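# Observations on the three-dimensional arrangement
Letter by letter, the chains look like this.
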Amino acid sequence: MVDKNHGLPEELLNLPDSDFEMVQAGEIKDEKFKTKPVGFFKDALFRLRKSKISVVSFWIIMAIVILSLLVPSITGYTYTEQSVRQKNLPPKIPFLEDLGIADGTRVLTNRKKSSLEDTNRFPEGCVLEIIREYEANGVPVVDVKIDAYLYAGVPEGEYHWFGTDYLGRDLMTRLFQGARISLLIALLSVVTNVIIGVIYGSVAGYYGGKVDLVMDRIADILYDIPFIVAVTLFQLHLAQKVGVVPSFLFAYVLTGWIGMAALTRKQFYRFKGQEFVLAARTLGASDWRLMFKHIFPNALGTIITSCALVIPNVISSETQLTYLGIINLQEFAGTSIGTLMSQGQVSMTSSPHAMFWPALFVSLLLISFNLFGNGLRDAFNPTLRGGED
């Protein structure tokens, strides 16, 4: 029979105590964790390592930085050393020349066939192959493949891995010398903009209200100043007094911090009403302690990601401005990436390597920074935590 009130048979309702047994005797405790706790930044680093593209991009950036520091000192040339006779030499790399790649050869067209016998113009052994023979106005002419280094009188065993420019300067030395300046300007710009932007955005986001309204309007006014106009004016009126690089930094800092300030402001609005901030305020924490001890660390991941994405923007701006001639860094650093591209454009048809290497360098650097920045953004995004598992 089933009891209608409980829905159970009578034999189950009157079970004796002897039929029951304790599953676990003694005090019940939670099992201790056998693994170490994973913090936010450690978890972000773990997720960043899972992104192969970001890891490869990081090592490319590190390689470029290391090469920029070392190469100008180990090539055996200075970035100002000239040899007009060795101008526009093609690349020649020791371990690739035997494969017919970067072997220092060049094709000369429309040369009198009789001139090949002149050892003053064509040293012995420099003519490697006659590609084509024809006549022009009844005169026998040829297109010949030559050893450009032997033709220019370069000593045996001397190499220019990236070739030379229109003044015979080693392009590899000048490229990485210019990279030093680009990376230095980018680093100084980002550090300055982060300091100003974080402080400005923290105050606006934390206090809000009228303070935020006034500070936001000031930022809007500065944001509307065209960057190219600011750079040009600073170069015209300030560069002669403080220098080219400081004037460029002043122009970039004038508006460059606004994006960082807006990002920091947004993060402070997000976190300032959280329970841990209210608890710290209740315990008597000051405003500055709340801002930079409790709220700022939670926004640090987003700020770091933003920095990684701002660096390529600074490098791109500097390259464009030097390429256009608005900024002249030759007096300060001897060269820059944009200057090399501008100079290489003049001889691009006859010596494409002078344009190819700077363009490849800038493209590789910007792509690597952007891919690494995207990886940081995903790694620090808490909403994606566990999504890749």
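Quantities reported herein were computed from a predicted structural model and do not represent experimental measurements. (Residues numbered from 1 in each chain as written. Predicted model: local features only at pLDDT ≥ 70, side-chain atom pairs only at ≥ 80, totals over all residues. Heavy atoms only, no water.)

### Quick notes on the pattern of salt bridges
Convention followed: Salt bridge criterion: a side-chain nitrogen from Lys or Arg within 4 Å of a carboxyl oxygen from Asp or Glu. In this description a helix means any DSSP run of H or I spanning at least four residues, a strand means any run of E spanning at least two, and both kinds are numbered starting from the N terminus. Each residue is placed in one exposure class: buried if its accessible area under a 1.4 Å probe, protein chains only, is under 20% of its type's maximum, exposed if it is over 50%, and partly exposed if it falls in between.
If you walk through the whole model with that rule in mind, you get seven salt bridges. The residue D143 makes a salt bridge to R132 at a minimum N-O spacing of 3.3 Å. Of this pair, D143 sits in strand β3 (residues 139-147) while R132 is found in strand β2 (residues 127-136), placing the two residues 11 residues apart along the sequence. In this structure D143 comes out as buried when scored by relative accessible area, which is 8%. Measuring nitrogen to oxygen at the nearest pair gives 2.8 Å for the salt bridge that ties D212 to R265.

### Quick look at the packing of aromatic side chains
The criterion, for reference: Two aromatic rings, drawn from Phe, Tyr or Trp (for Trp, its six-membered ring), form a pair once their centres lie within 6.5 Å of each other, and the interplanar angle then sorts them: stacked below 30 degrees, edge-to-face above 60, tilted otherwise. In our convention, an over-ring charge means Lys NZ or Arg CZ found within 6 Å of a ring centre and within 35 degrees of that ring's normal.
Counted according to the given criterion, the structure contains 14 aromatic pairs. With 6.4 Å between their ring centres and 35 degrees between their planes, F162 and F176 make a pair best called tilted. Here the residue F162 occupies a position in the loop between α5 (148-151) and α6 (171-207), and F176 occupies one in helix α6, the gap between them amounting to 14 residues. Neither F162 nor F176 differs from the other in exposure class; each is buried. A network of ring pairs unites the aromatic residues F162, F176, F356, W357 and F361 as a single cluster. In this structure, K92 packs its charged tip against the face of Y149, placed 4.9 Å from the ring centre. The ring centre of Y134 lies 4.0 Å from the NZ or CZ of R132, which sits over that ring.

### With respect to the side chain of S182
How we decide: Polar contacts, as used here, are pairs of N or O atoms within 3.5 Å; protein pairs need one atom able to donate a hydrogen and one able to accept it. Residues neighboring in sequence count only if both atoms are side-chain atoms. Whether two residues are in contact is decided by their heavy atoms: any pair within 4.5 Å suffices.
Following the sequence through the fold, S182 ends up in helix α6. According to the relative accessible area criterion, S182 is buried, its value standing at 3%. Looking at S182, its side chain comes within polar contact range of the side chain of E318, at 2.8 Å. Ignoring anything within four residues of it in the chain, the contact list for S182 reads I315, E318 and I337.

### Describing the nonpolar core
Worth spelling out the cut-off: In this description, a nonpolar core means a group of buried Ala, Val, Leu, Ile, Met, Phe, Trp, Tyr and Cys residues linked to one another through side-chain atoms lying within 4.5 Å.
Counting 70 residues, the largest nonpolar core has I185, W257, I315 and F361 as its most contacted members. Counting residues per element, this core draws most heavily on α6, which supplies 16 residues. Those residues in contact with I315 that sit more than four places away from it in its chain are S182, L183, A186, L365, L366 and F369. Judged by nonpolar contacts, the second largest core, of seven residues, contains L108, F122, V144 and I146.

### Considering the sheet that holds β3
Our working definition: Two strands are said to pair when DSSP picks up at least two bridges between them. The axes used here are C-alpha line fits, helices contributing only the stretch in contact, and every angle between their N-to-C directions lies in the interval 0 to 180 degrees.
A sheet is described by the order of its strands in space; here three strands give the open sequence β1-β3-β2, paired in antiparallel fashion. A single partner strand is all that each edge strand has here, and the edge strands are β1 (105-112) and β2. Averaged over neighbouring strand pairs, the angle between their axes works out to 15 degrees when direction is ignored.

### Observations regarding unusual backbone geometry
Backbone geometry at A102 places phi at a positive 50 degrees, although glycine is not the residue there. Examined against the element boundaries, A102 turns out to sit in the loop between α4 (94-97) and β1. Positive phi, normally seen in glycine, also occurs at N110, with a value near 55 degrees. Of note, N110 is situated in strand β1.

### Some words on a nonpolar patch on the surface
What counts, and what does not: Patch construction takes residues with relative accessible area above 30% that form no salt bridge. Like charges are linked within 9 Å, and nonpolar side chains (Val, Leu, Ile, Met, Phe, Trp, Tyr) are linked within 5 Å. Each accessible area is a Shrake-Rupley result for a 1.4 Å probe, and residues are judged covered by the shown protein chains and nothing else.
A contiguous nonpolar surface patch, about 720 Å² in accessible area, is contributed by L187, V191, I195, I196, I199, Y207, V211 and W288. For the nonpolar patch, the element with the most residues is α6, which contributes six residues. The residue V211 is located in helix α7 (residues 209-223) in this model.

### Concerning the environment of L300
Following the sequence through the fold, L300 ends up in helix α12 (residues 287-324). Take L300: its relative accessible area is 27%, and that puts it in the partly exposed class. Placed 146 residues apart in sequence, L300 and V154 show a C-alpha to C-alpha distance of 54 Å.

### Details of the packing of α6 against α12
A packed helix pair is summarised by two numbers, namely the angle formed by the two axes and the spacing between the axes. Rules: A clockwise turn of the near helix away from the far one marks a right-handed crossing, whereas an anticlockwise turn of less than a right angle marks a left-handed crossing. Ten residues, namely Ala, Val, Leu, Ile, Met, Phe, Trp, Tyr, Cys and Pro, are considered nonpolar, four, namely Asp, Glu, Lys and Arg, are considered charged, and the remaining ones, Gly among them, are considered polar.
Where α6 contacts α12, the two axes come as close as 8 Å, and the packing angle between them is 145 degrees. You can see that α6 and α12 cross each other, and the crossing is right-handed. Residue composition of the contact of α6 with α12, by class: 21 nonpolar, three polar and two charged.

### What about the pairing of β2?
Both β2 and β3 contribute to a ladder of eight bridges, which runs antiparallel. Bridge pairing links E129 to K145 in β3.

### Concerning α12
Think of an α-helix as 3.6 residues a turn; residues three or four steps apart then line up on the same face. Our working definition: Multiply 1.5 Å by the residue count of a helix minus one, and that product is the helix's expected span. In this analysis the local bend is the angle between axes fitted, respectively, to the seven residues ending at and the seven residues starting at the residue.
Spanning 38 residues, α12 covers only 47 Å between terminal C-alpha atoms, well under the ideal 56 Å at 1.5 Å per step. Taking the largest bend as the criterion, α12 deviates by roughly 60 degrees, centred on F296, and proline P297 comes between one and four positions later. Two residues or fewer past α12, G325 is found with a positive phi of approximately 90 degrees.

### As for the pairing of β3
The two faces of the sheet receive side chains in turn, since in a regular strand these alternate between them. Alignment of β1 against β3, held across six bridges, turns out to be antiparallel. Residue pairing for β3: T105 is matched across the bridge by D147. Taken together, β2 and the strand that follows it, β3, pair antiparallel across an intervening segment of two residues, in which N137 is found at a positive phi of about 55 degrees.

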